[in-house]
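Fold and contact review
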Amino acid sequence: FKDNNEVPFTKQDLQLAGRTGEAIATSVTNSILIDNLNTERNIAEITKIQMEDAKNEVVKLNEFTKRINSESLLSKIIDEMFDYIQKTFKIEAIILQLLDYNKNEFYTYNTTTPENVSKSQIDYAKNLRIPLNESGGFVYQTYLRKKSFYVSNIPKSLNKIDKEIITNFKLSSFVVVPLIVQ
(Lines give C-alpha, C1' and ligand atoms only; values in the text may rest on other atoms or scores of the structure.)
Protein backbone atom coordinates (compact mmCIF):
# COMPACT_ATOMS: atom_id res chain seq x y z
CA PHE A 1 0.00 0.00 0.00
CA LYS A 2 1.16 3.46 -0.77
CA ASP A 3 -0.48 6.82 -0.26
CA ASN A 4 -0.79 9.47 -2.99
CA ASN A 5 2.72 10.72 -2.29
CA GLU A 6 4.23 7.30 -2.98
CA VAL A 7 5.05 6.96 0.71
CA PRO A 8 4.61 3.38 1.95
CA PHE A 9 1.85 2.75 4.48
CA THR A 10 3.12 2.52 7.98
CA LYS A 11 2.15 -0.17 10.38
CA GLN A 12 -0.17 2.35 12.10
CA ASP A 13 -1.81 3.19 8.71
CA LEU A 14 -2.37 -0.48 8.06
CA GLN A 15 -3.91 -0.98 11.52
CA LEU A 16 -6.16 2.07 10.94
CA ALA A 17 -7.23 0.70 7.56
CA GLY A 18 -7.98 -2.66 9.21
CA ARG A 19 -10.07 -1.04 11.96
CA THR A 20 -11.87 1.05 9.33
CA GLY A 21 -12.66 -2.12 7.36
CA GLU A 22 -13.92 -3.84 10.51
CA ALA A 23 -16.13 -0.83 11.32
CA ILE A 24 -17.55 -0.85 7.79
CA ALA A 25 -18.14 -4.62 7.96
CA THR A 26 -19.90 -4.21 11.31
CA SER A 27 -22.10 -1.44 9.88
CA VAL A 28 -22.96 -3.55 6.83
CA THR A 29 -23.74 -6.56 9.04
CA ASN A 30 -25.93 -4.41 11.33
CA SER A 31 -27.72 -2.96 8.32
CA ILE A 32 -28.43 -6.45 6.96
CA LEU A 33 -29.67 -7.58 10.37
CA ILE A 34 -31.94 -4.54 10.65
CA ASP A 35 -33.30 -5.19 7.13
CA ASN A 36 -33.95 -8.83 8.05
CA LEU A 37 -35.64 -7.77 11.29
CA ASN A 38 -37.85 -5.28 9.41
CA THR A 39 -38.74 -7.97 6.86
CA GLU A 40 -39.66 -10.37 9.66
CA ARG A 41 -41.75 -7.64 11.32
CA ASN A 42 -43.56 -7.00 8.03
CA ILE A 43 -44.21 -10.72 7.58
CA ALA A 44 -45.48 -10.93 11.16
CA GLU A 45 -47.77 -7.94 10.59
CA ILE A 46 -49.13 -9.41 7.35
CA THR A 47 -49.67 -12.76 9.08
CA LYS A 48 -51.47 -11.01 11.94
CA ILE A 49 -53.76 -9.22 9.47
CA GLN A 50 -54.44 -12.48 7.62
CA MET A 51 -55.23 -14.25 10.89
CA GLU A 52 -57.58 -11.42 11.88
CA ASP A 53 -59.30 -11.67 8.48
CA ALA A 54 -59.64 -15.44 8.86
CA LYS A 55 -61.06 -14.98 12.36
CA ASN A 56 -63.59 -12.45 11.03
CA GLU A 57 -64.60 -14.88 8.27
CA VAL A 58 -65.14 -17.63 10.83
CA VAL A 59 -67.27 -15.26 12.94
CA LYS A 60 -69.35 -14.32 9.87
CA LEU A 61 -69.75 -17.96 8.91
CA ASN A 62 -70.81 -18.87 12.47
CA GLU A 63 -73.37 -16.05 12.50
CA PHE A 64 -74.69 -17.20 9.12
CA THR A 65 -74.88 -20.80 10.33
CA LYS A 66 -76.81 -19.74 13.45
CA ARG A 67 -79.28 -17.74 11.32
CA ILE A 68 -80.02 -20.57 8.92
CA ASN A 69 -80.16 -23.17 11.70
CA SER A 70 -82.72 -21.06 13.54
CA GLU A 71 -84.99 -21.06 10.46
CA SER A 72 -87.39 -23.79 9.49
CA LEU A 73 -88.78 -22.21 6.34
CA LEU A 74 -86.78 -23.22 3.28
CA SER A 75 -87.51 -19.90 1.56
CA LYS A 76 -85.98 -17.97 4.48
CA ILE A 77 -82.94 -20.26 4.55
CA ILE A 78 -82.41 -19.72 0.81
CA ASP A 79 -82.78 -15.94 1.19
CA GLU A 80 -80.14 -15.99 3.96
CA MET A 81 -77.89 -18.18 1.81
CA PHE A 82 -78.22 -15.87 -1.21
CA ASP A 83 -77.54 -12.81 0.93
CA TYR A 84 -74.47 -14.37 2.57
CA ILE A 85 -73.00 -15.58 -0.74
CA GLN A 86 -73.52 -12.27 -2.52
CA LYS A 87 -72.02 -10.22 0.31
CA THR A 88 -69.13 -12.56 1.05
CA PHE A 89 -68.06 -13.47 -2.47
CA LYS A 90 -69.34 -10.44 -4.42
CA ILE A 91 -71.22 -12.73 -6.78
CA GLU A 92 -73.67 -10.95 -9.06
CA ALA A 93 -76.23 -13.70 -9.52
CA ILE A 94 -77.06 -17.08 -8.05
CA ILE A 95 -79.14 -19.91 -9.43
CA LEU A 96 -80.12 -22.67 -7.02
CA GLN A 97 -80.90 -25.87 -8.87
CA LEU A 98 -82.26 -29.02 -7.35
CA LEU A 99 -82.37 -32.51 -8.73
CA ASP A 100 -85.64 -33.89 -10.07
CA TYR A 101 -85.07 -37.65 -9.86
CA ASN A 102 -88.30 -38.42 -11.74
CA LYS A 103 -87.28 -36.35 -14.77
CA ASN A 104 -83.57 -37.08 -14.34
CA GLU A 105 -82.63 -33.38 -14.54
CA PHE A 106 -81.69 -30.31 -12.53
CA TYR A 107 -84.30 -27.57 -12.37
CA THR A 108 -84.15 -24.03 -11.02
CA TYR A 109 -85.66 -23.90 -7.58
CA ASN A 110 -84.79 -20.27 -6.90
CA THR A 111 -82.61 -17.50 -8.27
CA THR A 112 -81.49 -14.03 -7.35
CA THR A 113 -82.68 -11.14 -9.49
CA PRO A 114 -79.65 -8.93 -10.05
CA GLU A 115 -79.83 -5.43 -11.42
CA ASN A 116 -78.88 -4.84 -15.05
CA VAL A 117 -80.25 -8.11 -16.39
CA SER A 118 -83.01 -8.48 -18.90
CA LYS A 119 -86.37 -10.10 -18.32
CA SER A 120 -85.40 -12.78 -20.83
CA GLN A 121 -82.29 -13.61 -18.77
CA ILE A 122 -84.39 -13.88 -15.60
CA ASP A 123 -86.92 -16.09 -17.41
CA TYR A 124 -84.11 -18.24 -18.79
CA ALA A 125 -82.63 -18.67 -15.28
CA LYS A 126 -86.01 -19.56 -13.77
CA ASN A 127 -86.78 -22.10 -16.50
CA LEU A 128 -83.28 -23.58 -16.82
CA ARG A 129 -83.25 -27.36 -16.88
CA ILE A 130 -80.05 -29.32 -17.14
CA PRO A 131 -79.99 -33.04 -17.97
CA LEU A 132 -78.48 -35.41 -15.46
CA ASN A 133 -76.08 -36.90 -18.01
CA GLU A 134 -72.96 -35.97 -20.01
CA SER A 135 -74.87 -33.35 -22.00
CA GLY A 136 -75.40 -31.50 -18.68
CA GLY A 137 -71.90 -30.02 -19.06
CA PHE A 138 -70.22 -28.23 -16.15
CA VAL A 139 -73.20 -28.65 -13.82
CA TYR A 140 -73.36 -32.40 -14.36
CA GLN A 141 -69.58 -32.76 -13.99
CA THR A 142 -69.70 -30.80 -10.73
CA TYR A 143 -72.53 -33.03 -9.50
CA LEU A 144 -70.48 -36.15 -10.26
CA ARG A 145 -67.30 -34.86 -8.60
CA LYS A 146 -69.11 -33.30 -5.65
CA LYS A 147 -66.51 -30.51 -5.68
CA SER A 148 -66.75 -26.83 -6.55
CA PHE A 149 -65.78 -25.88 -10.06
CA TYR A 150 -64.50 -22.43 -11.12
CA VAL A 151 -64.06 -21.28 -14.69
CA SER A 152 -62.03 -18.08 -14.82
CA ASN A 153 -61.72 -18.01 -18.62
CA ILE A 154 -64.42 -19.44 -20.81
CA PRO A 155 -62.97 -22.19 -23.01
CA LYS A 156 -63.59 -22.06 -26.75
CA SER A 157 -64.79 -25.65 -26.93
CA LEU A 158 -68.07 -26.10 -25.04
CA ASN A 159 -70.96 -28.51 -25.12
CA LYS A 160 -74.42 -27.25 -26.14
CA ILE A 161 -75.86 -26.51 -22.66
CA ASP A 162 -72.70 -24.79 -21.39
CA LYS A 163 -72.54 -22.61 -24.51
CA GLU A 164 -76.23 -21.75 -24.14
CA ILE A 165 -75.81 -20.77 -20.46
CA ILE A 166 -72.68 -18.70 -21.10
CA THR A 167 -74.27 -16.95 -24.08
CA ASN A 168 -77.58 -16.21 -22.33
CA PHE A 169 -75.92 -14.81 -19.22
CA LYS A 170 -73.00 -13.19 -21.08
CA LEU A 171 -70.57 -14.80 -18.64
CA SER A 172 -66.83 -14.18 -18.60
CA SER A 173 -66.35 -16.50 -15.59
CA PHE A 174 -68.51 -18.55 -13.25
CA VAL A 175 -68.48 -20.95 -10.34
CA VAL A 176 -70.57 -24.07 -9.76
CA VAL A 177 -70.84 -25.25 -6.16
CA PRO A 178 -72.65 -28.46 -5.29
CA LEU A 179 -74.78 -28.38 -2.15
CA ILE A 180 -74.51 -31.86 -0.75
CA VAL A 181 -77.56 -32.44 1.42
CA GLN A 182 -77.49 -35.49 3.67
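See the structure printed just above.
Residues numbered from 1 in each chain as written. Predicted model: local features only at pLDDT ≥ 70, side-chain atom pairs only at ≥ 80, totals over all residues. Heavy atoms only, no water.

**A word on the overall build of the chain**
Of regular secondary structure, the chain possesses five helices and five strands. Beginning at the N terminus, the succession of helices and strands in the chain can be written as α-α-β-β-α-β-α-β-α-β. When each of the 182 residues of the chain is scored for burial, the buried share is 21%. Long-range contacts, defined here as pairs at least 24 residues apart, represent 44% of the contacts in the chain between residues at least 6 apart. Of the accessible surface of the chain, which amounts to about 14000 Å², a share of 55% is contributed by carbon and sulfur atoms. Separation of charge centres in the chain, based on 23 positive and 23 negative side chains, amounts to 6 Å. (Helix = DSSP H or I, 4+ residues; strand = E, 2+ residues; numbered from the N terminus. Buried < 20%, exposed > 50% of the residue type's maximum accessible area, 1.4 Å probe, protein only. Contact = heavy atoms within 4.5 Å. Areas by Shrake-Rupley, 256 points an atom, 1.4 Å probe, with all protein chains shown as cover. Lys, Arg positive; Asp, Glu negative; His and termini not counted. Charge placed at Lys NZ, Arg CZ, Asp CG, Glu CD.)

**Some details on the nonpolar core**
Of all hydrophobic cores here, the largest spans 12 residues; its members are Leu-99, Phe-106, Tyr-124, Ala-125, Leu-128, Ile-130, Leu-132, Val-139, Tyr-140, Ile-161, Ile-165 and Phe-169. Elements supplying a minimum of two residues to this core: helix H3 (119–126), helix H4 (137–145) and helix H5 (160–169). For this core, the leading source of residues is H5, giving three residues. Core analysis: the next-biggest nonpolar cluster, separate from the first, contains eight residues, Phe-64, Ile-68, Phe-82 and Tyr-84 among them. (Core = buried A, V, L, I, M, F, W, Y, C linked by side-chain atoms within 4.5 Å.)

**Points about the environment of Val-117**
Note that Val-117 resides in the loop between strand E2 (105–111) and H3. The class of Val-117 is partly exposed, set by a relative accessible area of 32%. Measuring from C-alpha to C-alpha, the distance between Val-117 and Ala-93 comes to 9.7 Å, with 24 residues separating the pair along the chain.

**What about the packing of aromatic side chains?**
Under the criterion given, the structure shown has six aromatic pairs. Pairing Phe-106 with Tyr-143 gives two aromatic rings, centres 5.4 Å apart and planes at 75°, and the pair type is edge-to-face. Separated by 37 residues along the polypeptide, Phe-106 in strand E2 and Tyr-143 in helix H4 bring together distant segments of the chain. Of the residues examined, Phe-106 reaches a relative accessible area of 7% and is grouped as buried. The aromatic ring of Tyr-143 is capped on one face by Lys-146, whose charged end is 5.0 Å from the ring centroid. (Phe/Tyr/Trp six-rings, centres within 6.5 Å; stacked < 30°, edge-to-face > 60°. Lys NZ or Arg CZ within 6 Å of the ring centre and 35° of its normal.)

**Points about H4**
By the burial criterion, the buried members of H4 are Gly-137, Phe-138, Val-139, Tyr-140 and Thr-142. Looking at the buried positions of H4, the neighbouring elements they touch are strand E1 (95–100), E2, strand E3 (129–131), strand E4 (149–151), H5 and strand E5 (174–176).

**Regarding the sheet that holds E3**
Spatial strand order, E1-E2-E3: three strands in an open sheet with antiparallel pairing. Of all strands in the sheet, those with a lone pairing partner are E1 and E3, marking the two edges. On average, each strand axis in the sheet is inclined to that of its neighbour by 30°, with strand direction left out of account. Summarising the sheet, E2 and E3 pair through three bridges and their orientation is antiparallel. Its bridge partner lying in E3, Phe-106 is registered against Ile-130. (Pairing = 2+ DSSP bridges. Axes fitted to C-alpha atoms, helices over the stretch in contact; angles between N-to-C directions.)

**Structural notes on unusual backbone geometry**
Phi is positive for Asn-116, which is not a glycine, with a value near 65°. Following the sequence through the fold, Asn-116 ends up in the loop between E2 and H3. For Lys-170, which is not glycine, the phi dihedral falls at a positive 55°. Relative to the helices and strands, Lys-170 is located in the loop between H5 and E5. Note on Lys-170: relative accessible area 69%, which makes it exposed.

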